[in-house]
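Analysis of the macromolecular model
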Amino acid sequence: MERHTEKGKRPMPFTEEQMRQVFDTNLIDFAVKHGYEIEKGDRNTVHVKHSGGLYLFKHGRGYYQFAGGKSGNIIQFVQEYMGIADFKDAVGFILGCHAYEQTEHYVPVAEKEPKGELVLPEKDRGCNQTFAYLTKTRGIDCGIVGEMIKQGKIYQTITHKDGYRFKNCAFVGYDENGKARYCALRAPGKDSKFRQDVENSDKTYGFCMEGHSNRVYEFEAPIDAMSHATLCKLYGMDWQEDHRVAEGCLSDKALARYLKLHPEIREIVFCYDNDMDGRDAKGQPHNHGQVQAERSAAVFKKAGYKVYIQTPQGKDFNEDLMVFWEKMEQEEKNLKEIQGMIQECECL
């Protein structure tokens, strides 16, 4: 039954009792019932496995995503991570799940298990969607993407499930013997939120773009590393001169391992995200990327490296790259308009 509001206003699609049930639903149990795996986080949260920085509060009433500093309630969780964008559909989906009958969390939190062998996802026959996503949607240079594909650090995966086929971009990190030790998946769609680390991935082996100088650039994500390389190429620089490492999260563990394998490197440039709208667990402003950059810079400076922090103008270097392309497109449009005006004047 719809709940009616003041005269002249639309009726609410759900009753007060139904909305109470929604917000009394324990998010941890709800997530587990829908296929998410959880493990120990910190004192106040549990971590969603293979999600990067997604944490659920132990009180079961909300979540927090370190990438971008996003937080929200169970309805926003369904909209953001389960692909049900419409508010009414999201509420109806929650009400259809009997998790709301249990408002106290009862699913046991798994201990972190030792990592097993990494098994890379099935490789698709082609790479068209991945290539188009990275070059057209993300604006990354075709030659750079092609080189990463050639090196086996990027490929297109295919998954068959329930009669459907899913294709994703795979970003792979290797050890010094050429063995794959890390793999991150991302859906090749502009508006898709799907991103996941393959089970048994070891984040200490990041996505790396080897150079031959004594400088390494450090990033959160492979797309940002390739975007930075693209910007360098656009400005006439040799994108293959310097090293680049992408952690796949806010960390410097992959960098630490990479430095051991490359003793010639003496300069580190930290290029973490500029989370201007970020919030901490208490809702206070917190620029996660830049705070981590300062912390890591202090650690490696103490270890004897020359350290620098390069902050993107926007949220990250891919956003900076897309702004560059937008400006180029606008300049080209303006030039065509001027040329058209000149031709009109010549005809008079």
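Note that the structure is predicted; figures quoted are calculated from it, not measured.

**Things to note about unusual backbone geometry**
You will see that Asn200, though not glycine, has its phi angle at about 75°, which is positive. Inspection of the secondary structure puts Asn200 in the loop between strand S9 (195-197) and strand S10 (207-209). Accessibility expressed as a relative area gives 23% for Asn200, which makes it partly exposed.

**Details of a nonpolar patch on the surface**
A contiguous nonpolar surface patch, about 500 Å² in accessible area, is contributed by Leu234, Tyr235, Met237, Trp325 and Met328. Relative to the elements of secondary structure, Met328 occurs in helix H10 (residues 317-347). The partly exposed category is assigned to Met328, whose relative accessible area is 38%.

**Quick notes on the sheet that holds strand S12 (residues 243-246)**
Taken in spatial order, the five strands make up an open sheet running S10-S12-S11-S13-S14, and their pairing is mixed. The two strands at the open ends of the sheet, each matched to only one other strand, are S10 and strand S14 (306-309). Strand-to-strand, the axes of this sheet are offset by a mean angle of 20°, without reference to chain direction. Sheet analysis places strand S11 (residues 215-219) next to strand S13 (residues 267-270), joined by four bridges and oriented parallel. Considered in S13, the bridge of Tyr217 is made with Val269. Taken strand by strand, helix H7 (residues 222-234) contacts S10, S11 and S12, and its axis lies near 155° from that of S12.

**Considerations on the pattern of salt bridges**
The full count for this structure, using the stated rule, is twelve salt bridges. Put simply, Glu37 and Lys49 hold a salt bridge, and the shortest N to O gap is 3.8 Å. Note that Glu37 is positioned in the loop between helix H2 (27-33) and strand S1 (38-40) and Lys49 in the loop between strand S2 (45-48) and strand S3 (54-57), a separation of twelve residues in sequence. Of the charged contacts, one joins Lys203 and Asp197 as a salt bridge, the two residues approaching to 2.6 Å between their closest N and O atoms. The structure contains a network of salt bridges with shared partners spanning Asp273, Asp275, Lys315 and Asp316.

**Focus on the layout of surface pockets**
What the second largest pocket holds in volume is close to 250 Å³. In terms of lining, the second largest pocket is formed by 16 residues, of which the most central are Tyr174, Asp175, Cys208, Glu210 and Tyr258. Contributing elements (two or more residues each) for the lining of the second largest pocket: strand S7 (164-174) and helix H8 (253-261). Here the element with the most residues in the lining of the second largest pocket is H8; it accounts for four residues. Of the residues belonging to the lining of the second largest pocket, the class tally is seven nonpolar, four polar and five charged.

**Describing helix H5 (residues 128-137)**
Every buried residue belonging to H5 is among Thr130, Tyr133, Leu134 and Thr135, and all of these are buried. Against helix H6 (142-150), strand S6 (154-161), S7, strand S8 (180-186) and H7 lie the buried residues of H5. Among the residues trailing H5, Gly139 stands out with phi positive, at a value near 75°.

**Describing the packing of helix H3 (residues 74-81) against helix H4 (residues 87-95)**
Relative orientation of the contacting elements H3 and H4 amounts to 110°, with a least axis distance of 9 Å. Classified by the interaxial angle, the pair formed by H3 and H4 is roughly perpendicular. Contacts between H3 and H4 involve Ile74, Ile75, Val78 and Gln79 from the former and Phe87, Ala90, Val91, Phe93 and Ile94 from the latter.

**A short note on the nonpolar core**
Inside soluble globular proteins, nonpolar side chains tend to come together where they are buried. By size, the foremost hydrophobic cluster in this structure holds 25 residues, and its most contacted members are Leu134, Ile140, Phe171, Phe207, Met209 and Met226. Going through the elements one at a time, H5, H6, S7, S10, S11, H7 and H10 are the ones with two or more residues in this core. At five residues, H7 tops the list of elements feeding residues into this core. Excluding its chain neighbours within four sequence positions, the residues that come into contact with Phe171 are Leu134, Lys153, Ile154, Tyr182, Cys183, Ala184, Arg186, Phe207, Pro222, Ile223 and Met226. Core analysis: the second largest hydrophobic core is formed by 22 residues, Phe14, Ile38, Val78 and Ala90 among them.

**Regarding the state of the cysteines**
Within the structure shown, the criterion is met by zero disulfides. Cysteine Cys169 shares no disulfide, and the gap to the nearest cysteine sulfur, in Cys127, comes to 7.5 Å. What makes Cys169 buried here is its relative accessible area of 0%.

**Things to note about the packing of aromatic side chains**
Following the criterion strictly, the structure yields twelve aromatic pairs and no others. Ring centres of Tyr63 and Tyr81 lie 5.6 Å apart, and the angle between their planes is 90°; on these two criteria the pair is classed as edge-to-face. With Tyr63 in strand S4 (residues 63-65) and Tyr81 in helix H3, this pair connects stretches of sequence that are 18 residues apart. Between the aromatic rings of Phe270 and Phe300, the centroid separation amounts to 6.1 Å while the plane-to-plane angle is 45°, which identifies the pairing as tilted. Remark: Phe300 occurs in helix H9 (residues 288-302) and Phe270 occurs in strand S13; sequence separation between them is 30 residues. Take Phe270 and Phe300: they sit in the same class, and that class is buried. Linked through ring pairs, Tyr36, Tyr63, Phe77 and Tyr81 together constitute an aromatic cluster. Geometry around Tyr205 places Arg257 over its ring, the cationic atom sitting 3.9 Å from the centre. A cation over an aromatic ring shows up here: Arg266 above the ring of Tyr305, its NZ or CZ 4.5 Å from the ring centre.

The rules behind the values
- Residues numbered from 1 in each chain as written.
- Predicted model: local features only at pLDDT ≥ 70, side-chain atom pairs only at ≥ 80, totals over all residues.
- Heavy atoms only, no water.
- Helix = DSSP H or I, 4+ residues; strand = E, 2+ residues; numbered from the N terminus.
- Buried < 20%, exposed > 50% of the residue type's maximum accessible area, 1.4 Å probe, protein only.
- Patch = residues over 30% accessible without salt bridge, like charges linked within 9 Å, V, L, I, M, F, W, Y side chains within 5 Å.
- Areas by Shrake-Rupley, 256 points an atom, 1.4 Å probe, with all protein chains shown as cover.
- Salt bridge = Lys/Arg side-chain N within 4 Å of Asp/Glu carboxyl O.
- Pairing = 2+ DSSP bridges.
- Axes fitted to C-alpha atoms, helices over the stretch in contact; angles between N-to-C directions.
- Contact = heavy atoms within 4.5 Å.
- 1 Å grid on protein atoms, 1.4 Å probe; cavity = no way out; pocket = protein on both sides within 12 Å on 5 of 7 lines; lining within 4 Å.
- Points joined across faces, edges and corners; volume = space filled by probe spheres on them.
- Nonpolar A, V, L, I, M, F, W, Y, C, P; charged D, E, K, R; others polar.
- Parallel < 35°, antiparallel > 145°, perpendicular 65-115°, else oblique.
- Core = buried A, V, L, I, M, F, W, Y, C linked by side-chain atoms within 4.5 Å.
- Disulfide = S-S within 2.5 Å.
- Phe/Tyr/Trp six-rings, centres within 6.5 Å; stacked < 30°, edge-to-face > 60°.
- Lys NZ or Arg CZ within 6 Å of the ring centre and 35° of its normal.

Taken by themselves, the reported measurements are silent on function.
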